[in-house]
Amino acid sequence: MTFRDLWRMCLNNLKRRKSRTILTVLGVMIGCMSIVVMVSIGVAMDASQKKMLESMGDLRMITIYPNYDPTSQTKLDEAALDSIKAIPGVQAASGKFEIQDYPITISTGSNGRYEAMYAPLVGIDFSELEGFGYELKDGTLPVAGAQKQALAGERFAYNFKDTARPDGSNTIDYYSMLYDENGNMNEDNLPDPYFDPLNAKVDLSIAVDEQNKFKETVTVTGRLKENYMIGYETGEGLLIDMNEMKTLWKDANRKAGKPSTTFNYSGAMVKADAIENVSDIEKQIQGLGFQTNSMESMRESMEESTRMIQMVLGGIGAVSLLVAAIGITNTMIMSITERTREIGIMKALGCFTKNIRALFLMEAGMIGLIGGVAGLALSFVLSMVMNSFANAQAPAQSFGEQVLFLFGIEGTPLSVIPWWLALFALLFSVLIGVLSGYYPASKAVKVPALEAIRHE
């Protein structure tokens, strides 16, 4: 018998017992749908968690803190930073430094009229700005190689007071105006700061002692977008290049009579080339004697909980498919009993046992395929309905946007069916059908030809 003959007989046999075939297909369809929908809910949870983590900051970022143990010989200096840069998987690395030993006053305007109430001065390697995700809100980045240029945090100018005004009216109550009565951020009606931070000349006054001060003036070329995952300096602070920070530090120490003070970073940042390498890089940095912080531990715990939920949901759906498999087996066994005489005739006509086995396996696999396709189609429909309820704007969305919701590309989907889940569900349904039909098929080929022909 050719494959075409087997295929034609398979379809005819399924058509002859339409009611039984339809009921068995329904069992597979429900089982397939249960697995797909259950697992898709877990996939949607995982996607939502990843979006939430990404909104909190770059998942590849690692913050490094120095070893604060006074007995430790480990220092976060240039040599340590070079060792960190040499770790496989490190895409970018830069030290960060704040002058904490000497009071710093930041001012601007005529005769230093506007004085910062809080504005941390931070040094960072300007060549690594874009690599770490520092983004400009307006203005430009400092010119490469140029000196005495700085970047201001997004809210830098609002942290100044007007020293020419009396207390109580010399500050801008910025934060009370930033949020509306519902707690939502609203920047449309904010008052202007006392000065335009772009191209402003900012004076840095460093007091090395009560009598000795020196001043450095920098020009602000750009304003950064606030991103506290990179550093609080993107909000209220002022950034200068690390080379200029080292010069300021050395000048301050020299004026304070400490010319031999060595330079150690107050912190550092590392960016991994891939999320998968973050954990290993962190362990190696910790092995050098430093403390680290990243989103990795949170990400791993969230992924672990999501995997557990997916396994539970998938197990619940698998029970339905197991019941469907039992139904296929029962249907095929009943079919063998009813078609015993037919099997005997096929053997008497010279059909090979492999053809008979292939026929029954094909029928069982076809039931699994039809049920899988129908279950998958129903799963997509149910996922769209679930995502419509999950998104407040869903009733107004087009069909194309609903499809984007379905695959988790837009919105906040409650159910996401990736291509691998759809393919797995379809192949698994066919496999369940074939495996369920294997025992009945093996039983069919064992029926003796003469006994089968005499069977009524």
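The text that follows walks through the structure, step by step, so that each part is easy to find. (Residues numbered from 1 in each chain as written. Predicted model: local features only at pLDDT ≥ 70, side-chain atom pairs only at ≥ 80, totals over all residues. Heavy atoms only, no water.)

Between the first and last C-alpha of helix H6 (residues 242-255) there are 20 Å, a value that for 14 residues agrees with the 20 Å anticipated at 1.5 Å per step. Among all positions in H6, only Met242, Glu244, Met245, Leu248, Trp249, Asp251, Ala252 and Asn253 are buried. Where the residues of H6 are buried, they touch strand E2 (90-98), strand E5 (121-124), strand E7 (149-152), strand E9 (201-207), strand E10 (213-224) and strand E11 (238-241). In the stretch just after H6, Gly257 is the one whose phi turns positive, near 80 degrees. (Helix = DSSP H or I, 4+ residues; strand = E, 2+ residues; numbered from the N terminus. Expected span 1.5 Å × (residues − 1). Buried < 20%, exposed > 50% of the residue type's maximum accessible area, 1.4 Å probe, protein only. Contact = heavy atoms within 4.5 Å.)

Once that is clear, we can look at the pairing of strand E12 (residues 267-272). In terms of burial, E12 is largely enclosed, as six of its six residues are buried. Neither face of E12 is open: one carries Gly267, Met269 and Lys271, the other Ala268, Val270 and Ala272, and all of them are buried. Here four bridges tie strand E1 (residues 61-65) to E12, and the two strands are oriented antiparallel to one another. Paired with Ile64 across the strands is Ala268, a residue of E12. Sheet analysis places E2 next to E12, joined by six bridges and oriented antiparallel. Paired with Val90 across the two strands is Ala272, which belongs to E12. (Pairing = 2+ DSSP bridges.)

Glancing now at a nonpolar patch on the surface. Among the surface-exposed residues, Leu378, Val381, Leu382, Val385 and Phe389 lie close enough to one another that they form a single nonpolar patch of about 460 Å² accessible area. One can find Leu382 in helix H10 (residues 353-390). (Patch = residues over 30% accessible without salt bridge, like charges linked within 9 Å, V, L, I, M, F, W, Y side chains within 5 Å. Areas by Shrake-Rupley, 256 points an atom, 1.4 Å probe, with all protein chains shown as cover. Salt bridge = Lys/Arg side-chain N within 4 Å of Asp/Glu carboxyl O.)

Glancing now at the nonpolar core. Counting 52 residues, the largest nonpolar core has Ile106, Phe156, Leu238 and Val270 as its most contacted members. It is H6 that contributes the most residues to this core, five residues altogether. Setting aside residues no more than four positions away along its own chain, Ile106 makes contact with Tyr114, Glu115, Ala116, Ala119, Leu121, Phe156, Phe160, Val202, Asp203 and Leu204. (Core = buried A, V, L, I, M, F, W, Y, C linked by side-chain atoms within 4.5 Å.)

With that out of the way, let us pick up the pairing of strand E13 (residues 291-294). What you see with E13 is a clean split: Thr292 and Ser294 sit on the buried side and Gln291 and Asn293 on the side with no burial. Bridge count between E1 and E13: four bridges; the pairing is antiparallel. Note that in E13 the partner of Ile62 across the bridge is Ser294.

Let us look at the pattern of salt bridges. The final tally for this structure, using the stated rule, is 11 salt bridges. Salt-bridge contacts for Lys148 lead to Glu216; the nearest nitrogen and oxygen are separated by 3.1 Å. Here Lys148 is found in the loop between strand E6 (136-139) and E7, whereas its partner Glu216 is found in strand E10, with 68 residues between them in sequence. Taking the shortest distance from any N to any O, the salt bridge between Arg254 and Asp251 comes out at 2.4 Å. Taken together, the residues Arg254 and Asp251, both in helix H6 and three residues apart, mark about one turn of the helix. A relative accessible area of 52% means that Arg254 is categorised as exposed. Among the charged side chains, a salt-bridge network with shared partners connects Lys137, Glu154, Arg155 and Glu226.

Bringing the side chain of Thr108 into the picture now. Within the secondary structure, Thr108 sits in strand E3 (residues 104-108). Judged by its relative accessible area of 4%, Thr108 falls in the buried class. Reaching out from Thr108, the side chain makes a polar contact with the backbone oxygen of Lys201 at a distance of 2.7 Å. (Polar contact = N/O pair within 3.5 Å; in protein donor to acceptor, adjacent residues only side chain to side chain.)

Here the structure, examined in full by the defined rule, presents nine aromatic pairs. Ring geometry for Tyr102 versus Trp249: centroids 6.0 Å apart, planes at 50 degrees, classification tilted. Separated by 147 residues along the polypeptide, Tyr102 in the loop between E2 and E3 and Trp249 in helix H6 bring together distant segments of the chain. Each of the two residues, Tyr102 as well as Trp249, counts as buried. Ring geometry for Phe160 and Phe195: centres 4.9 Å apart, planes at 80 degrees, overall edge-to-face. Of this pair, Phe160 sits in strand E8 (residues 160-162) while Phe195 sits in the loop between helix H5 (174-178) and E9, placing them 35 residues apart in sequence. (Phe/Tyr/Trp six-rings, centres within 6.5 Å; stacked < 30°, edge-to-face > 60°.)

Before going further, it helps to examine the side chain of Gln149. Note on placement: Gln149 falls in strand E7. In terms of polar contacts, Gln149 uses its side chain to reach the backbone amide nitrogen of Val143, at 2.9 Å. What Gln149 contacts, discounting residues up to four positions off in sequence, is Phe126, Pro142, Val143, Thr219, Thr221, Leu239, Ile240 and Glu244.

What follows deals with helix H1 (residues 3-16). End to end, H1 covers 20 Å across 14 residues, agreeing with the expected 20 Å (1.5 Å per residue, within 8%). Inspection of H1 places Leu6, Cys10, Asn13 and Leu14 among the buried residues, and these make up the whole buried set. Here the buried residues of H1 occupy an arc of 95 degrees about the axis, which is enough to place them on one side. Away from its buried face by more than 90 degrees, H1 exposes Arg4, Lys15 and Arg16. (Arc of directions from axis to C-beta.)

Turning next to the environment of Gly371. You can see Gly371 is positioned in helix H10. Residue class for Gly371 comes out buried when judged on its relative accessible area of 0%. When the C-alpha atoms of Gly371 and Gly31 are compared, they prove to be 8.6 Å apart, with 340 residues separating the residues in sequence.

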